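The chain contents come next:
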Amino acid sequence: MGRDAIHDELDDRAAKEADRVVAWRRHLHRHPELSNREVKTARLVANHLRALGVDEVRTDIAGHGVVGVLRGGLPGDRVVALRADTDALPVRDLCGTDFASEAVDADYPGGPFPVSHACGHDCHTAMLMGAATVLAGVRDRLPGTVLFVFQPAEEGPPVTEAGGARAMVEAGAFADPVPTMAFGMHVTPYPKGYLGYRIGNQYGASSLIRIVVSGRQVHGSTPWEGIDPMPAVGAVLTGIGQLYRQVSAFDPVTVTIGHIEDVGRFNIIGETVTLWGTIRCVVESDMAEVQHRLTTLVEHSAAAYGATASVEYLQSVPPVHNSGPWVEAGLPTFRRVVGEERVVETGATLGYDDVSELVGRFGGLYVMLGVQDAALDPSGRPVPVEGGRGLAPNHNPHFYADDDTLVTGVRLHAHVAHDHLAGSLLPRSTK
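Read on for a plain summary of the structure.

Cut-offs applied
- Residues numbered from 1 in each chain as written.
- Predicted model: local features only at pLDDT ≥ 70, side-chain atom pairs only at ≥ 80, totals over all residues.
- Heavy atoms only, no water.
- Pairing = 2+ DSSP bridges.
- Helix = DSSP H or I, 4+ residues; strand = E, 2+ residues; numbered from the N terminus.
- Axes fitted to C-alpha atoms, helices over the stretch in contact; angles between N-to-C directions.
- Contact = heavy atoms within 4.5 Å.
- Phe/Tyr/Trp six-rings, centres within 6.5 Å; stacked < 30°, edge-to-face > 60°.
- Buried < 20%, exposed > 50% of the residue type's maximum accessible area, 1.4 Å probe, protein only.
- Lys NZ or Arg CZ within 6 Å of the ring centre and 35° of its normal.
- Disulfide = S-S within 2.5 Å.
- Core = buried A, V, L, I, M, F, W, Y, C linked by side-chain atoms within 4.5 Å.

### Comments concerning the sheet that holds strand β14 (residues 272–281)
Reasoning step 1: If you trace the four strands from one edge of the open sheet to the other, you get β12-β14-β10-β15, paired in antiparallel fashion. Looking at the sheet topology across the chains shown, the edges are occupied by β12 (253–262) and β15 (308–317). Within this sheet the neighbouring strands show an average axis-to-axis angle of 20 degrees, counted without direction.
Reasoning step 2: For strand β10 (residues 205–214) and β15, the ladder comprises eight bridges, and the chain directions are antiparallel. Across the sheet, Arg 210 pairs through a bridge with Glu 312, a residue of β15.
Reasoning step 3: Running over the sheet, helix α5 (residues 230–240) touches β10, β12 and β14 and is turned about 160 degrees from β12.
Reasoning step 4: The sheet strands contacting helix α6 (residues 286–304) are β10, β12, β14 and β15, and the helix crosses β15 at an angle near 160 degrees.

What follows is the structure in structure tokens.
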């Protein structure tokens, strides 16, 4: 797929918006908000979409979701949904910039928490705001409709609340018009300006775990008079390390316990201990088997020590799947935007992203955009470049993104949207 005048204009318009996109990103980075609390972020987005004069601005969707509807001036039935996630993480900000976050959410369940955009959602939001500006400027030449989807709670809302992509779907955000393609990207520790894609599962399936082990509270000096849940918890933690041996070694899985809570003090054997964690599977069909084996482990370990236990699986997220036909259709656009040598195939990951709810329903693509001081070694793995800031993974307090790369994300959104609406970015079977 070659270039034409509209592609040149998209790039020119994106370049003119680069400074504003950087300013938005820095503002959002300095003022992050946790899942289902994205009030100011949603207001900033909605006000910008209204200022652009898009046809509709829908707000308060599944919490603080925003959808802008831009109807092109040319006839066309295709609808592209461009998606950005807007929430931040309960992680300290050690990125080392003068716009680093100092925010603390004192009221969030389980808090207070430091808050930062340690996963780059500030970049995603700013890039899509820039793409909305670019595409609104050429709306008279768009044969179809663009949905600008700003999704809250991608990181997962508090367990007592609903939220995220599935909640937006269930709220009817994509009922009229129905997308014919969903597209998005995630910034990642890859060389700046590189685009990574994967045929198959770009991200794995995920499930949140809540385990509650219960005993009988008693003074620490007389353990025989109560039931101590701690030995059962220790057995569960040890046993989890062996679960991988009970499923196929050719399809990776992980079971991670990231947080443990108990009620008591140093000289009290408490009543309950709660474990929070996650299961990740490359192959979604493995999830039920891993859950069954984990439940068996937990219940039998508790029983062995005279305790009881319950296991809940919450906030299930399917894998992000890029089908071969969609990747084939998207590669010419990707190569035009970033250059053929910068479009690379990535390895598998057990990260998750609930954009899978959109790509799985409507078809489309989700890709990775490199934003760090890196190069690829001969095996295709990112390594730090001399004199750079190193590699800092997503969800790490030191995660950073290069501002100069943001305009590449704006261009990707704009080119993908145009090409899909124009009929050139479609799987062969649907052309």
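### Side note on the packing of aromatic side chains
Reasoning step 1: Taken as a whole and assessed by the stated rule, the structure comprises four aromatic pairs.
Reasoning step 2: Taking the centre distance of 6.1 Å and the plane angle of 50 degrees together, the rings of Tyr 203 and Tyr 366 count as tilted. Here the residue Tyr 203 occupies a position in the loop between β9 (200–201) and β10, and Tyr 366 occupies one in strand β18 (residues 364–372), the gap between them amounting to 163 residues.
Reasoning step 3: A relative accessible area of 0% places Tyr 366 in the buried class.
Reasoning step 4: Taking the ring centre of Tyr 400 as reference, the NZ or CZ of Arg 389 above it sits at 4.0 Å.

### A look at the state of the cysteines
Reasoning step 1: Following the criterion strictly, the structure yields zero disulfides and no others.
Reasoning step 2: The thiol of Cys 95 is unpaired, and the distance to the nearest cysteine sulfur, on Cys 123, comes to 10 Å.
Reasoning step 3: Under the relative-accessibility criterion, Cys 95 is labelled buried at 8%.
Reasoning step 4: Cys 281 carries a free sulfur, and the closest cysteine sulfur to it, the one in Cys 119, is 20 Å from it.

### With respect to the nonpolar core
Reasoning step 1: Ranked by internal contacts, the top residues of the largest apolar core, which has 59 residues, are Leu 82, Leu 135, Val 146, Phe 148, Phe 150, Phe 183 and Phe 334.
Reasoning step 2: Looking at which element gives the most residues to this core, the answer is helix α3 (residues 121–136), with ten residues.
Reasoning step 3: Contact partners of Val 146, with chain neighbours within four places excluded, come to Gly 68, Val 69, Leu 70, Val 80, Leu 82, Leu 135 and Leu 421.
Reasoning step 4: Listed in part, the 25 residues of the second largest apolar core include Ala 205, Val 253, Val 298 and Ala 307.

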